[in-house]
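Chain and residue survey
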Amino acid sequence: MTKLKEERGITLVALVITVLVLAILAGVTLDTLVGDSGIITKAQEASQNMENASREEDELIQNLLNDIKGAEGGNGGEIEIPEGTIEFGEVKWSNGQAEVEIIAKPGEGESLQYQINGTNEGSWQNIGSGEKVKGLKHSDTIHARLWNGSIASVQKSKKIEDLKAPEVTIEVGTVTENSIEINIKVIENESGLKEVETYEYYIGEALDGRTTSTTYNYDELKSDTEYSLIVKVPDKAGNVGTATIKQRTNKVDYPTIESKLKEGDYVLYEDAFGTQQKCMVLYGPENKNYSSYGIQIISAKTTDSTGIVGYVTLGSSDFNSSRDSYNNVITTLNVEAEKYRKKDDGIAEIARCVGSVPDKPDYDGVGMYKIKTNENINGYFTKYNGTFKDSDENYKADDDQMTALRSHIENDYWLASRAANSSTFGGSHFSIRLVDEIGDVHIHILCEVNLDGYTRANSFNRGLRIVVRLKSGVKVIGGDGSESNPYTLAP
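Residues numbered from 1 in each chain as written. Predicted model: local features only at pLDDT ≥ 70, side-chain atom pairs only at ≥ 80, totals over all residues. Heavy atoms only, no water.

Structural notes on the side chain of Glu 263
The topology assignment puts Glu 263 in the loop between strand E15 (240-248) and strand E16 (266-270). Reaching out from Glu 263, the side chain makes a polar contact with the backbone nitrogen of Gly 284 at a distance of 3.0 Å. A distance of 3.0 Å separates the side chain of Glu 263 from the side chain of Gln 401, its partner in a polar contact. Sequence-distant contacts of Glu 263, that is, excluding residues within four places in its chain, are made with Val 281, Leu 282, Tyr 283, Gly 284, Glu 286, Asn 287, Gln 401 and Leu 405. (Helix = DSSP H or I, 4+ residues; strand = E, 2+ residues; numbered from the N terminus. Polar contact = N/O pair within 3.5 Å; in protein donor to acceptor, adjacent residues only side chain to side chain. Contact = heavy atoms within 4.5 Å.)

Some points on the sheet that holds strand E9 (residues 167-175)
Spatially, E9-E10-E13 is the arrangement adopted by the three strands of the open sheet, whose pairing is antiparallel. Each end of this open sheet is capped by a strand with a single partner; those strands are E9 and strand E13 (215-218). Across the sheet, the mean angle separating the axes of adjacent strands is 25° when strand polarity is ignored. With four bridges connecting them, strand E10 (residues 180-187) and E13 associate as antiparallel partners. The residue of E13 that forms the bridge with Ile 182 is Tyr 216. (Pairing = 2+ DSSP bridges. Axes fitted to C-alpha atoms, helices over the stretch in contact; angles between N-to-C directions.)

As for the packing of aromatic side chains
Aromatic rings in a pair are described by how distant their centres are and how their planes are angled relative to each other. A full pass over the atoms with the stated rule returns ten aromatic pairs. Each ring, one from Tyr 201 and one from Tyr 218, has its centre 6.5 Å from the other, and the planes form 80°; the classification is edge-to-face. Of this pair, Tyr 201 sits in strand E11 (residues 199-203) while Tyr 218 sits in strand E13, and the two are 17 residues apart along the sequence. We note that Tyr 201, like Tyr 218, is buried. The structure contains a cluster of three or more aromatic residues connected by ring pairs, namely Phe 319, Tyr 326, Tyr 369, Phe 388 and Phe 430. Directly above the aromatic system of Tyr 326 lies the positively charged group of Arg 418, at a separation of 6.0 Å from the ring centroid. The ring of Tyr 413 is capped by Arg 465, whose NZ or CZ atom sits 5.1 Å from the centre of that ring. (Phe/Tyr/Trp six-rings, centres within 6.5 Å; stacked < 30°, edge-to-face > 60°. Buried < 20%, exposed > 50% of the residue type's maximum accessible area, 1.4 Å probe, protein only. Lys NZ or Arg CZ within 6 Å of the ring centre and 35° of its normal.)

Looking at the pairing of strand E26 (residues 466-470)
The buried fraction of E26 amounts to five of the five residues, a majority that puts the element mostly inside the structure. The alternating pattern of E26 places Ile 466, Val 468 and Leu 470 and Val 467 and Arg 469 on opposite faces, both of which are buried.

Some points on unusual backbone geometry
A positive phi angle, near 55°, is found at Asn 95, a position not held by glycine. Looking at the secondary structure, you find Asn 95 in the loop between strand E2 (92-94) and strand E3 (97-105). Residue class for Asn 95 comes out exposed when judged on its relative accessible area of 80%. A positive phi is found at Asn 117, a non-glycine position, where the angle reads about 65°. Along the chain, Asn 117 turns up in the loop between strand E4 (111-116) and strand E5 (125-126). What makes Asn 117 partly exposed here is its relative accessible area of 37%.

Quick notes on the nonpolar core
A general trend in soluble globular proteins is that nonpolar side chains are found buried together. One finds Leu 261, Ile 297, Leu 314, Leu 333, Phe 388, Leu 464 and Leu 489 to be the most contacted residues of the largest nonpolar core, which totals 41 residues. In terms of residues, this core owes the most to one element, helix H5 (residues 329-338), which gives four residues. Sequence-distant contacts of Phe 388, that is, excluding residues within four places in its chain, are made with Phe 319, Arg 323, Tyr 326, Asn 327, Met 368, Tyr 369, Phe 430 and Cys 447. (Core = buried A, V, L, I, M, F, W, Y, C linked by side-chain atoms within 4.5 Å.)

As structure tokens, then:
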């Protein structure tokens with residue numbers, strides 16, 4: 001504005017001089033130039049009027065600026081351009097928590113303030129430039145501002161993020177023919193690891209287990225086989241550290257003992273539940289009557305074993321359900337026995353309940369029970385005629401062989417066999433055979449229909465004893481076959 005006034009003043013002086021020169025040349029009188037109504041006097045008045053107008057214009061502009069400043073919450077006067085700055089330092093992590101330094105240059109009358117996450121009034125805290133905000137977690141946002149009591153001249157925010165996955169290394173421990181032990185080390189520099197089931201252990205893409213332990217044992221592996229073992233370690237922010245190794249299990253050269261299994265020998269068999277069952281050879285290749293059955297071993301009573309692998313309930317309080325249990329007893333007991341066979345060990349090819357047919361375990365070639373005596377008196381049995389299966393003799397082969405080898409045990413256990421008969425007082429009984437605690441074959445009545453129309457159903461829980469047929473070519477790799485030192489088998 002001052003420069004404009006100076007330019008205007010110079011222009012007026014030049015104009016006056018020019019007018020005087022022209023007036024003199026034109027013969028104008030001095031009074032005409034400098035009198036009250038003279039040219040010079042009028043020029044001076046015009047200059048003063050222009051200066052007054054310029055001053056009024058400056059005052060108007062300043063008033064407008066003051067109005068704008070007041071509308072923005074200021075205190076009036078000229079607009080102050082903020083001079084303050086805010087910068088955040090490097091985020092540093094320790095024990096799962098972060099800290100960050102705030103460096104600021106406040107303007108005159110301003111203070112540095114901060115708060116974490118929300119920007120609620122009343123929650124701001126004062127902090128000095130160069131001080132650190134601590135105890136921060138992944139995904140927190142820290143806000144900082146320069147505050148003069150009524151307005152923030154500068155405000156900045158920074159989000160705390162953990163983008164670095166844990167570092168995982170694997171060391172191999174003990175390796176056997178069917179297991180690999182590993183130990184892991186983890187470096188976590190930022191938000192920290194999950195607190196439960198921290199480490200995930202894989203075989204290839206298949207999860208094998210989760211645990212908080214840095215030692216893990218992969219078991220039930222195949223011998224002389226290479227495995228890809230993967231460890232994944234997630235942190236609290238969701239980053240996952242991964243490490244992979246390839247390790248081969250040991251190769252085992254089994255020393256084959258030149259000894260054949262024969263009836264009465266004791267043999268160890270590990271079932272599907274990991275239990276070492278001590279068994280006895282029930283049928284051997286030397287038996288001329290049963291050599292076609294293959295080698296079959298039966299769970300045995302020893303000083304440290306009952307010979308019972310489990311218990312099965314047959315029958316029901318409901319008559320029809322109990323009849324179904326009676327009719328389906330052979331397949332029911334064989335299905336339960338098969339649950340104990342370890343299917344991937346290359347040793348056993350089938351498991352069955354003792355008392356079923358040795359070479360055809362599910363054989364059920366009997367007809368249906370028919371009226372034999374006076375059971376049709378008053379027609380009470382008519383509706384049940386032909387709905388119950390008849391007696392069978394399935395149990396005989398196993399029972400005769402157990403008797404010959406003295407392998408009966410002092411526990412009640414089921415035989416996969418049925419017995420149907422007419423009672424002395426009329427009516428019919430439908431029973432399941434079992435071996436009692438002194439080794440005798442006995443029966444338990446599941447259903448009965450009396451002459452007067454009365455029906456009854458029972459339920460019993462008794463032991464399960466299994467017979468396992470070995471695959472051909474199974475090797476004997478240890479033991480001497482005695483009760484105290486049973487044979488150990490391998491495929």
